Amino acid sequence: MNKLLDVKNLSIHFTQYTKGLHKRILPVIHHLDLDINRQEIMAVLGSSGSGKSLLAHAILGILPENSTVNGTIAYKGEQLTEEKKLLLRGKEIRFIPQSVTYLDPLMKIGKQVQLSISDKKEAQRLQEDIFSQYLLQPEVAELYPFELSGGMTRRVLIASAVIGDSTLIIADEPTPGLDKEALTEVLQCFTDLREKGKSILMITHDIEAAMDIADRIAIFYAGITIEIANKADFHGDGKQLRHPYTKALWRALPENGFHPIQGNQPSPLDGTTGCPFHPRCPFAKDLCREQLPEFQTAGNGKVRCHYYEELQENNNDFKN
Ligand SMILES: Nc1ncnc2c1ncn2[C@@H]1O[C@H](COP(=O)(O)OP(=O)(O)OP(=O)(O)O)[C@@H](O)[C@H]1O
Ligand code: NI
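Residues numbered from 1 in each chain as written. Chains lettered and ligands numbered in written order. Predicted model: local features only at pLDDT ≥ 70, side-chain atom pairs only at ≥ 80, totals over all residues. Heavy atoms only, no water.

- Under the annotation held in an unreviewed UniProt entry, the protein carries the name Nickel import system ATP-binding protein NikD and is attributed to Cytobacillus praedii.
- Annotation of the protein in UniProt includes, under Subcellular location (unreviewed entry), the sentence "Cell membrane". (UniProt positions renumbered as here; feature names shortened; annotations may be inferred.)

Below, the structure written as C-alpha cells:
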C-alpha cells in the first residue's frame, strides 16, 4: 500500500473557562483532510492560525489537555490511536518542532540528541556521526541551547529527528530565520531523506520552499483543507490551480506580479458560515455564503470550492 498517513475530516476544539467559570468551546479546526504517500514530501501551506501546527500535534498525540479531537487518522492503513501515537512518537514518527523552546535549556546539545536514540550503547557514536553529516562541529555537543545560532539550532533539531529509523518526519516550519545557504542545505536534507524512503510532512509559510521540494502541496485556510495540488500545478498563470485562494497565493508572489490579497482569514469566533474564504472571494455567490463545499477530487488533486470548474475555465479573468 502506497498510502502512509490518511487524515480525514479532522476537527479540534478547545474548552476554555472564562471569568466566572463560564465554559466556552473554541472550534479551531473543522475539516482537515490530508494524506501522505510513502516516500513523498507533502507540504502544508497556510497563513498563521490556519491549523498547521495543531494538525502536526494531533498526529503526534501532543495536543493540550483541554482539546477534543474528532475525525480519523490512519497510519499504514490502521487507526492511529493515542496508545499507538505514544509508541511511534520519537521513533517511527519524528518531529522537528516549530519552536526552539522544545530544546531543554539546561541540557548539553549532545546529550539531548542522544536521548532520541534507543540503542544507548551506540548513542554517542550515532550522535557524532549525525553531527558530522549535518556539518555540526564536534564541540557543539558540549554547548547549551542558548549558545547556538539560529541556523545551528535548526540543524540540531533536524539531526535529532532524522537519527535512527524513522518512517514519517513532521517538520513544523523548519526554515524561518535561515540564510539562503542554510535554507538550501535544509531543503536538500529533506530530499535526501525522501531518497532514503522516508515521508515528510513539511509545514511552511514559504510557498517557494514548498514548490522547490514537495511532491504535493496542501493548502489550509481557517482550519480547513481547501486544496491539495501537485507541485506541477503551480506554474504559469496558475490555471491548473483549483481554489481561488490558492490562485491568489500564487499571484501574490513577486514573480507573478505581486497582486496582494485583500482582507484577513476569519477567526474561529467570527462564526463565518459557508466557505470560509467567501468574504474575500471575488466570485462568491449565495451558495458560498450558505454552504461549506465538499472536499472533492478535481483532476489529480482535490478542492473545496463550489465553482472551481468555472474558475479554472475563466482563469485569465481572475481579479482580486
Ligand atoms: N491551546 C490552545 N487553546 C486555544 N486555541 C488554540 C490553542 N492552540 C492553538 N489555538 C488556536 O488554533 C488556531 C490554529 O493554531 P495553529 O498553531 O495550528 O496555527 P498555525 O497554522 O500553525 O499558525 P502559525 O503559522 O502561526 O504557526 C489558532 O487560531 C490558534 O490561536
Ligand atoms: Ni504553527
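Still more to cover.
**Describing the overall build of the protein**
Then, number 1: Of the regular secondary structure elements, the protein holds 10 helices and 12 strands.
Then, number 2: Computed over the C-alpha atoms, the radius of gyration of the protein is 21 Å, within 12% of the 20 Å expected from 2.2 N^0.38 for a compact globule of 320 residues.
Then, number 3: Projecting the C-alpha coordinates of the protein onto the three principal axes gives extents of approximately 65 × 55 × 40 Å.
Then, number 4: Within the protein, the proportion of its 320 residues that are buried is 51%.
Then, number 5: When contacts within the protein are restricted to residue pairs at least 6 apart in sequence, long-range pairs at least 24 apart make up 64% of them.
Then, number 6: Measuring between centres, the 36 positive side-chain charges of the protein sit 4 Å from its 41 negative side-chain charges. (Helix = DSSP H or I, 4+ residues; strand = E, 2+ residues; numbered from the N terminus. Rg over C-alpha atoms; globule rule 2.2 N^0.38 Å. Buried < 20%, exposed > 50% of the residue type's maximum accessible area, 1.4 Å probe, protein only. Contact = heavy atoms within 4.5 Å. Lys, Arg positive; Asp, Glu negative; His and termini not counted. Charge placed at Lys NZ, Arg CZ, Asp CG, Glu CD.)

**What to know about the environment of isoleucine 169**
Then, number 1: Take isoleucine 169: it is sitting in strand S7 (residues 168–172).
Then, number 2: Given the relative accessible area of 0%, isoleucine 169 is considered buried.
Then, number 3: For the pair isoleucine 169 and arginine 194, spaced 25 residues apart in sequence, the C-alpha to C-alpha distance is 10.0 Å.
Then, number 4: Excluding residues that lie within four positions of it along the chain, isoleucine 169 makes contacts with Arg94, Ile96, Val162, Leu193, Lys198, Ser199, Ile200 and Leu201.

**Comments concerning the side chain of arginine 242**
Then, number 1: Tracing the backbone through its elements, the reader meets arginine 242 in the loop between strand S10 (224–230) and helix H8 (244–251).
Then, number 2: Note on arginine 242: relative accessible area 3%, which makes it buried.
Then, number 3: Of note is the side chain of arginine 242, whose polar atom sits 2.9 Å from the backbone oxygen of alanine 298.
Then, number 4: At a separation of 3.3 Å, a polar atom in the side chain of arginine 242 contacts the side chain of asparagine 300. (Polar contact = N/O pair within 3.5 Å; in protein donor to acceptor, adjacent residues only side chain to side chain.)

**Some words on the site of ligand 1**
Then, number 1: Every one of the 16 residues lining ligand 1 counts as a neighbour, but Ser48, Gly49, Lys52, Ser53 and His205 are closest to it.
Then, number 2: For ligand 1, an oxygen atom lies 2.9 Å from a polar atom in the backbone of leucine 54.
Then, number 3: At a separation of 2.8 Å, an oxygen atom of ligand 1 approaches a polar side-chain atom of histidine 205.
Then, number 4: Out of a free accessible area of 640 Å², ligand 1 has 70% covered by protein chains.
Then, number 5: Among the elements of the structure, strand S1 (3–18), strand S2 (22–37) and helix H1 (52–60) are those that each provide at least two residues to the shell around ligand 1.
Then, number 6: When residues in the shell around ligand 1 are grouped by element, the largest group, three residues, is from H1.
Then, number 7: Looking at the shell around ligand 1 residue by residue, the class counts come to five nonpolar, nine polar and two charged. (Near = heavy atom within 4 Å. Areas by Shrake-Rupley, 256 points an atom, 1.4 Å probe, with all protein chains shown as cover. Nonpolar A, V, L, I, M, F, W, Y, C, P; charged D, E, K, R; others polar.)

**Quick word on the pattern of salt bridges**
Then, number 1: Across all of its chains, the model carries 17 salt bridges by this definition.
Then, number 2: The shortest N-O distance in the salt bridge between aspartate 35 and lysine 3 comes to 3.6 Å. Placement of the pair is aspartate 35 in strand S2 and lysine 3 in strand S1, with a sequence separation of 32 residues.
Then, number 3: In this structure aspartate 35 comes out as buried when scored by relative accessible area, which is 12%.
Then, number 4: What makes lysine 3 partly exposed here is its relative accessible area of 32%.
Then, number 5: Among the ionic pairs, arginine 289 bridges to aspartate 286, the shortest N-O distance being 3.5 Å. (Salt bridge = Lys/Arg side-chain N within 4 Å of Asp/Glu carboxyl O.)

**Some words on the UniProt feature "domain: ABC transporter" (unreviewed entry) in the protein**
Then, number 1: Feature annotation in UniProt places "domain: ABC transporter" (unreviewed entry) on residues 7–247, given in this structure's numbering.
Then, number 2: The span residues 7–247 carries 31% helix and 30% strand; its end-to-end C-alpha distance comes to 24 Å.

**A short note on H1**
Then, number 1: Counting buried residues in H1 gives nine out of nine residues, a clear majority hidden from the surface.
Then, number 2: For H1, the set of buried residues is Lys52, Ser53, Leu54, Leu55, Ala56, His57, Ala58, Ile59 and Leu60.
Then, number 3: Just beyond H1, the residue with positive phi is glycine 61, at close to 75°.

**Section: the environment of glycine 77**
Then, number 1: Inspection of the secondary structure puts glycine 77 in the loop between strand S4 (67–75) and strand S5 (78–79).
Then, number 2: With 93 residues separating them in the primary sequence, glycine 77 and isoleucine 170 have C-alpha atoms 18 Å apart.

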